[in-house]
Number of protein chains: 2
Amino acid sequence: MTLTGNMLIGQQAITGHREAIRAINPATDLPLEPAYLGGSGEHVEQACTLAWTAFDRYRETSLATRADFLETIAIEIEALGDELIDRAVAETGLPRARIQGERGRTCQQLRTFARTVRAGEWLDVRVDSALPERQPLPRADLRQRQVALGPVAVFGASNFPLAFSVAGGDTASALAAGCPVVVKAHSAHPGTSELVGQAVARAVKKSALPEGVFSLLFGSGREVGIALVSDPRIKAVGFTGSRSGGMALIKAAQSRPEPIPVYAEMSSINPVLLFPAALASRGEALAQGFVASLTQGAGQFCTNPGLVIAHQGPALDAFIKATAALVQRSPAQTMLTPGIFSAYENGVGSLVEHPHAQTLAVGLQGETPNQCQAHLFVTQAGDFLTNAALQAEMFGAASLIVQCASDDEIRKVTEHLEGQLTATLHLDDADMPSARALLPVLERKSGRLLVNGWPTGVEVCDAMVHGGPFPATSDARTTSVGTAAIQRFLRPVCYQDFPDSLLPAALRHGNPLQLRRLLDGQREA
Amino acid sequence: MTLTGNMLIGQQAITGHREAIRAINPATDLPLEPAYLGGSGEHVEQACTLAWTAFDRYRETSLATRADFLETIAIEIEALGDELIDRAVAETGLPRARIQGERGRTCQQLRTFARTVRAGEWLDVRVDSALPERQPLPRADLRQRQVALGPVAVFGASNFPLAFSVAGGDTASALAAGCPVVVKAHSAHPGTSELVGQAVARAVKKSALPEGVFSLLFGSGREVGIALVSDPRIKAVGFTGSRSGGMALIKAAQSRPEPIPVYAEMSSINPVLLFPAALASRGEALAQGFVASLTQGAGQFCTNPGLVIAHQGPALDAFIKATAALVQRSPAQTMLTPGIFSAYENGVGSLVEHPHAQTLAVGLQGETPNQCQAHLFVTQAGDFLTNAALQAEMFGAASLIVQCASDDEIRKVTEHLEGQLTATLHLDDADMPSARALLPVLERKSGRLLVNGWPTGVEVCDAMVHGGPFPATSDARTTSVGTAAIQRFLRPVCYQDFPDSLLPAALRHGNPLQLRRLLDGQREA
């Protein structure tokens, strides 16, 4: 396998003609070969034409064909071997073990969606049989299934070069739903993207699917990204990234003659509530768990615990002291890109200078480029409530502790939060009543609630919610991780009085797919 | 029962202080008492405050409590007796039997949602059990359920004063989901709205629910409507009405600091495709069925068949001749409001004058105010493809026949359509191959596909889809009729490692609600 610097438009390798994108090894600040010449609107047009051509056929492939295809992608990614790992490490500065783990997660995710596709519950088949004798009016035969929305634009994320990128969760769930995918690669890891893109394209070919099922573009967000979201053949968008980036795509999607849904996962500070009894009984352990979660992967997780809320007093003082000591000893870690490092420096810089935030601890200084020093800040509830800037996400290993004088202040601070991906409660038995009283607020604010755990680490499973109210995401009704993510790319269609031979297989009278239908109000066994 | 001219903010009758809204009997053009003084932003504020206060308690009521509440609303509406029927007839000009039928449908809809709430499938409970021994990392206990989005703003529609209004499908499905509702009444039927609003408020009281679960406001769309959609405590919007009205609400919802979903059902011309063998074998019967569907209720249905697509030739000529004769004999019918009549007149007027549309037939002239004369037009495929105005909805009993020279032209016309609520195919066995070839296009364009039926008449059941791609609705992923409509007002929340005592009942280990959960990847029996 050799990296070519080309885009993939269906099965064709295409060279761009805009400014070159070059990965930079953040650990050395040195550029990596090859250069990826950016694509333009012309390439968006080609990729969308192919995707549109492929759509009607791909969305009606059998469940088995589509599941096999997802598994073939996983096999092809695994077959990339160390070349993929080496390149992803070089492009991201992430530790090798982390990238290996992420590859495993990415392939498991594809296989999980294969299982979901085969089970067919996502078709949500509903049948209301004809009642020709009903008075005063007969009832027609009505049958509903879910169909694919259309070609989907996926934007790779910087912080998961495999699991939230070219063949990540958005791509896997869109392909599972029957939607062709056009990926706009993240410019920070073009080589990783090309390798994975080639693996997907090989799987398309081996599965004898129309080539337009998958394309991979490089280029600027402003040109290629906006053109992609604006193309009339694109029917939904998946994005994980910054609030400003997500909002730009949402605006473009809403400005189309036909607006389309954007699933943007954007900004979350993931509050952690430390309840008094837990804090008193195991403050030291909490400090260790917290700092481990905070500094993991240089804090570059959407679910990084960026906010701690607790009652002021000796127990919190002890926690703060222990946490500060751990943060001070925490090694600097290479961040994903020079741009992310610089944004982190700006973010913590604003807080260092903020009159209502006090710097408690700073981690060890780095010795190589782009290294994140962990930061710990503290503020008072009253200041948090009146300074919106204290609620801004700092992407990296930085967190703010909000000291509250009363249960009432804790409630006010919690109510004041914007929408979140997660909210975490650390509690002992004696804290149950206080926790129970806050739960309704936390449910309104967050997609996932955790007890006595840490928010980093997002399991790919049926019950996961990686989502939440705005601005955590642009659409709280969904999740971008876990099998429920397939529902983002579906819409219902009802078939009235269709002859059996015209019905799709899922809806035929003999139920050839053996689905558990909702038949005349009853769920089939 | 006496009409008071008041709004209902929770259990309080409140008099507005803006310009008076007065229903007009469209059959006489005479105003009806009482006057309804319009509300203002102040009333929106009060209603939303109450709704917000009620939300946390209402959304956690038991399934039985909520189902009983929906059934109590139905009982209270039925108890209004003839006063409701008389008033609705006077305010809409609709025939008495139609209003009686609509009352039955409205109450059945409430009872259907009660059944849906009790069954609990909408909670979509997913459990992934803890795997403490898993390598390399243990898995937490993860449990997902659906929770209510928050208070919902519902805008009553003009054309269904009961079934799509104060206690119509949007309200029923939002209440079923656990969302308090603030209704902005349609100004065309304030008395009907007040009566139904009082019935709902009585049901709230009898069910011992917090009063903020339901409020009813009168007032201008520009002031009260926009204020309601902009209130930070409103978390979703249901609307049925015009494209311009829906787009204004969508714009307001997207401009909020926290954007919210708008379910707007707006504009559809509901194409009917007449295939050659069907047209040849039963053109006369098709003409009768078509004109009956077209003129039913003065054509004031979202699913009115406003477009016919067929091969030109002798069979179509015969159909056109028969249809024109029926239209010419069709009696004028009173429209819902002077405004709707005037818009209809303008719409058919533009088509009468359009150089590429030919007027085939005009129905009988009316003798009382606001009477709709049916209109039938014809055009050629080439003209339809190049004149966007020919695709505009004319709300009323008007339809346009598009003559096509070939299968290819039929396909092009179909591909050229905007999103639709319905698409209808009339076919015989010999038409199957042509119909099958067009199905993928129609699936992409429509929420409901019918064979050998007529699109008017929307069954309230599990399998119904009353929805479709833009501009038929603003969100093709949903339906506004049928039990799946509850999903519009829900979002998933995941609970990680929660002690059983903190979990909501739906997620507890003992499964006390006896739900069919998705447990470790398997559906429970």
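Quantities reported herein were computed from a predicted structural model and do not represent experimental measurements.

## Considering unusual backbone geometry
Residues and elements named next belong to chain B.
Part 1 of the reasoning: In the segment running from Gln135 into Pro136, the intervening peptide bond is cis, with an omega of 0 degrees.
Part 2 of the reasoning: Topologically, Pro136 is positioned in the loop between strand E7 (126-128) and strand E8 (142-148).
Part 3 of the reasoning: Residue Pro471 is reached from Phe470 by a cis peptide bond, and omega for that bond is 5 degrees.
Part 4 of the reasoning: Along the chain, Pro471 turns up in the loop between strand E22 (446-451) and strand E23 (490-496).

## Thoughts on the packing of aromatic side chains
Part 1 of the reasoning: Across all of its chains, the model carries 20 aromatic pairs over all chains by this definition.
Part 2 of the reasoning: Relative to Trp454 of chain B, the ring of Phe290 of chain B has its centre 6.0 Å away and its plane inclined at 45 degrees; by these criteria the two rings are tilted. Residue Phe290 of chain B is found in helix H9 (residues 276-295), and its partner Trp454 of chain B is found in the loop between E22 and E23; the two are separated by 164 residues along the sequence. The two residues Phe290 of chain B and Trp454 of chain B agree in class, both being buried.
Part 3 of the reasoning: Linked through ring pairs, Phe160, Phe164 and Phe301 of chain A together constitute an aromatic cluster.
Part 4 of the reasoning: Above the ring of Phe55 of chain A, the side-chain terminus of Arg59 of chain A is found at 5.2 Å from the ring centroid.
Part 5 of the reasoning: Positioned above the aromatic ring of Phe160 of chain A, the side-chain terminus of Arg98 of chain A is 4.6 Å from the ring centre.

## Let's talk about the pairing of strand E13 (residues 262-265) of chain B
Residues and elements named next belong to chain B.
Part 1 of the reasoning: Here E13 shows two buried faces, one formed by Val262 and Ala264 and the other by Tyr263 and Glu265.
Part 2 of the reasoning: Of the pairings in the sheet, the one linking strand E12 (residues 236-240) to E13 comprises four bridges and is parallel in character. By the bridge assignment for E13, Phe239 is matched with Ala264.

## A closer look at the relation of the copies chain A and chain B
Part 1 of the reasoning: The two copies are related by a screw motion: chain A maps onto chain B through a turn of 180 degrees and a shift of 0.0 Å along the axis, at an RMSD of 0.0 Å. The transformation just described matches what one would write down for a two-fold rotation axis. For chain A, the smallest separation between a C-alpha atom and the rotation axis is recorded for Ala525 of chain A, amounting to 3.3 Å.
Part 2 of the reasoning: Both copies contact each other with a shared surface, as 100% of the interface residues of chain A are interface residues in chain B too.

## Here we look at the domain arrangement of chain A
All names here are of chain A.
Part 1 of the reasoning: According to the domain assignment, chain A consists of domain 1 (7-260 + 481-488) and domain 2 (271-451).
Part 2 of the reasoning: Summarising the inter-unit geometry, the C-alpha centres of domain 1 and domain 2 are found 33 Å apart.
Part 3 of the reasoning: Taken together, the contact between domain 1 and domain 2 spans 16 residues of the former and 14 residues of the latter.
Part 4 of the reasoning: Carbon and sulfur atoms make up 59% of the surface buried where domain 1 meets domain 2, a total of about 1,100 Å² over both sides.
Part 5 of the reasoning: It is Pro26, Ala27 and Asn159 that lose the most area in domain 1 upon contact with domain 2, and together they represent 35% of the buried surface on that side.
Part 6 of the reasoning: The interface formed by domain 1 and domain 2 holds four residue pairs in polar contact (both at pLDDT 80 or more) in total.
Part 7 of the reasoning: Among the residues forming the side of domain 1 that touches domain 2, the class breakdown is six nonpolar, six polar and four charged.

Rules and cut-offs
Residues numbered from 1 in each chain as written. Chains lettered and ligands numbered in written order. Predicted model: local features only at pLDDT ≥ 70, side-chain atom pairs only at ≥ 80, totals over all residues. Heavy atoms only, no water. Helix = DSSP H or I, 4+ residues; strand = E, 2+ residues; numbered from the N terminus. Phe/Tyr/Trp six-rings, centres within 6.5 Å; stacked < 30°, edge-to-face > 60°. Buried < 20%, exposed > 50% of the residue type's maximum accessible area, 1.4 Å probe, protein only. Lys NZ or Arg CZ within 6 Å of the ring centre and 35° of its normal. Pairing = 2+ DSSP bridges. Least-squares fit on C-alpha atoms with pLDDT ≥ 70 in both. Contact = heavy atoms within 4.5 Å. Domains from an automatic or database assignment. Buried area = accessible area lost by both parts, 1.4 Å probe. Polar contact = N/O pair within 3.5 Å; in protein donor to acceptor, adjacent residues only side chain to side chain. Nonpolar A, V, L, I, M, F, W, Y, C, P; charged D, E, K, R; others polar.

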